[in-house]
Amino acid sequence: MSGDLQQIWVYLAASPLLGLTVTLLAYLVGFRIYRRLKLFPLANPVLLAVLLLVGLLSLTGTEYRTYFEGAQFVHFMLGPATVALAVPLYRQFGLVRRSATALSVALIAGSLTASASAVIIGWLLGGSRETLLSLAPKSVTTPVAMGVAEKIGGLPSLTAVLVILTGIIGAAGGSWVLDRVRVRDWRARGLAVGVAAHGIGTARALQVNEVAGAFASLAMGLNALATAILLPLLARLVLG
Amino acid sequence: MLEALTLLLGLQLIGEVLVRLLGLPLPGPVLGMALLFVLLAGLGRVPEALERLTNTLLQHLSLLFVPAGVGVIVYLPLVAEQWLPIGAALIGSTLLTVAVTGWVMSKLAGRSDTDTDER
């Protein structure tokens, strides 16, 4: 009997089916809790699903690589979903165009804050040089962040993890901060989470309000562009 | 539905190819987003099939970040070793960025809206 179970496990562990199914299950559990708590930001579904899956992989001693063979099918959809962000952006473009100047200034201010404050805080607390350089592009979408990290001397794969953690922090804590600084304008709220927390912040903004979602989508795209251009130049200036 | 999915994948593909050909500092899908925006602006409306697919995809956009997020497991030792600078930098800087961006935007966008009304 236990021999049969063993065989079933050997089959499942080698097949992408298991990784894919547990990813969807973990997310459904996370999303249900999130909705039950009326979209309470700290109950972020990405955070809950990641915690569940990290726990599961640790308990079963499964390697991340094995898990990812199944989960990559979900991961792959990030590309077409990013392209699809043009739709909410198009629908709200009238609003975007009217605030173009404000948007550009806020974007540059946010982009510089995101990199500079991360490096300064990390440096004050004794982070290694490699860690600091990996932290610098943390607020932009993963592929750009990894490219920038490599260019300025960080660890691209560490950056990928820091980017995801940043997204979760921004999506979970963004509403709270915006309430504290009394920002009620949906355009500003969307832009803020899009700049600070890329796609994960954008996902949260889309769930809350369509105007916020459109500004977050745009902010994510433009911050990727701004960081890719500005950060390597700044790094060269500061590091000499 | 199938046409809409093919369109999204096709634009991502064109985005990836252009980024590599022209050496642009952007990910392919972000350029694909810009291309789709231009297409929609030219068309003047969002086709219904694309609208439906987009709603489905974006409603659960956060699901798509889960597999990469689980990657944290590989870096737990490194993150644990420098947990203070990394944790403080991520939390402090991300929340500060939200505050700065939101505050600047709300101050400036409010003003430019009144400007438009006055004209």
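Residues numbered from 1 in each chain as written. Chains lettered and ligands numbered in written order. Predicted model: local features only at pLDDT ≥ 70, side-chain atom pairs only at ≥ 80, totals over all residues.

Draft legend 1. Unusual backbone geometry, seen in detail. Residue and element names in this part refer to chain A. Despite not being glycine, Lys38 shows a phi value in the positive range, around 55°. Within the element layout of this structure, Lys38 appears in the loop between α2 (16-36) and α3 (45-60). What makes Lys38 exposed here is the crowd of 7 C-beta atoms within 10 Å. Backbone geometry places Leu39, a non-glycine residue, at a positive phi of 55°. Inspection of the secondary structure assignment puts Leu39 in the loop between α2 and α3. (Helix = DSSP H or I, 4+ residues; strand = E, 2+ residues; numbered from the N terminus. Buried ≥ 20, exposed ≤ 12 C-beta atoms within 10 Å, placed from the backbone.)

Draft legend 2. Region of the structure containing the interface of chain A and chain B. Between chain A and chain B, the residue contacts involve 93 residues of the former and 66 residues of the latter. Considered class by class, the residues forming the side of chain A that touches chain B number 62 nonpolar, 26 polar and five charged. (Contact = placed C-beta atoms within 7 Å. Nonpolar A, V, L, I, M, F, W, Y, C, P; charged D, E, K, R; others polar.)

Draft legend 3. Up close: the domain arrangement of chain A. Residue and element names in this part refer to chain A. When its domains are assigned, chain A resolves into domain 1 (2-76) and domain 2 (83-239). Between the C-alpha centres of domain 1 and domain 2 there is a distance of 27 Å. Between domain 1 and domain 2, the residue contacts involve six residues of the former and nine residues of the latter. The class makeup of the residues in the side of domain 1 that touches domain 2 is five nonpolar, one polar and no charged. (Domains from an automatic or database assignment.)

Draft legend 4. Spatial organisation of the packing of α2(A) against helix α4 (residues 64-76) of chain A. All names here are of chain A. It is at 6 Å that the axes of α2 and α4 come closest, and there the two elements cross at 55°. Classified by the angle between their axes, α2 and α4 sit oblique to one another. Note on packing geometry: the crossing formed by α2 with α4 is right-handed. Contacts from Pro16, Leu17, Leu18, Gly19, Leu20 and Thr23 of α2 reach α4 at Tyr67, Phe68, Glu69, Gly70, Ala71, Phe73 and Val74. Looking at side-chain class alone, the contact of α2 with α4 contains nine nonpolar, three polar and one charged residues. (Axes fitted to C-alpha atoms, helices over the stretch in contact; angles between N-to-C directions. Parallel < 35°, antiparallel > 145°, perpendicular 65-115°, else oblique. Left-handed = near helix turned anticlockwise from the far one by under 90°.)

Draft legend 5. Layout of the confidence of the model for chain B. Residue and element names in this part refer to chain B. With 92% of its residues at a pLDDT of 70 or more, chain B shows a mean pLDDT of 89. At the level of individual helices and strands, chain B shows its lowest average pLDDT in helix α6 (residues 83-118), which scores 84, and its highest in helix α1 (residues 2-22), which scores 95. Overall, residues 112-119 carries pLDDT values under 50, and its contacts beyond four positions in sequence, including any with other chains, amount to four contacts. Note on the complex model: pTM 0.88, ipTM 0.89. (pLDDT = per-residue confidence, 0-100.)

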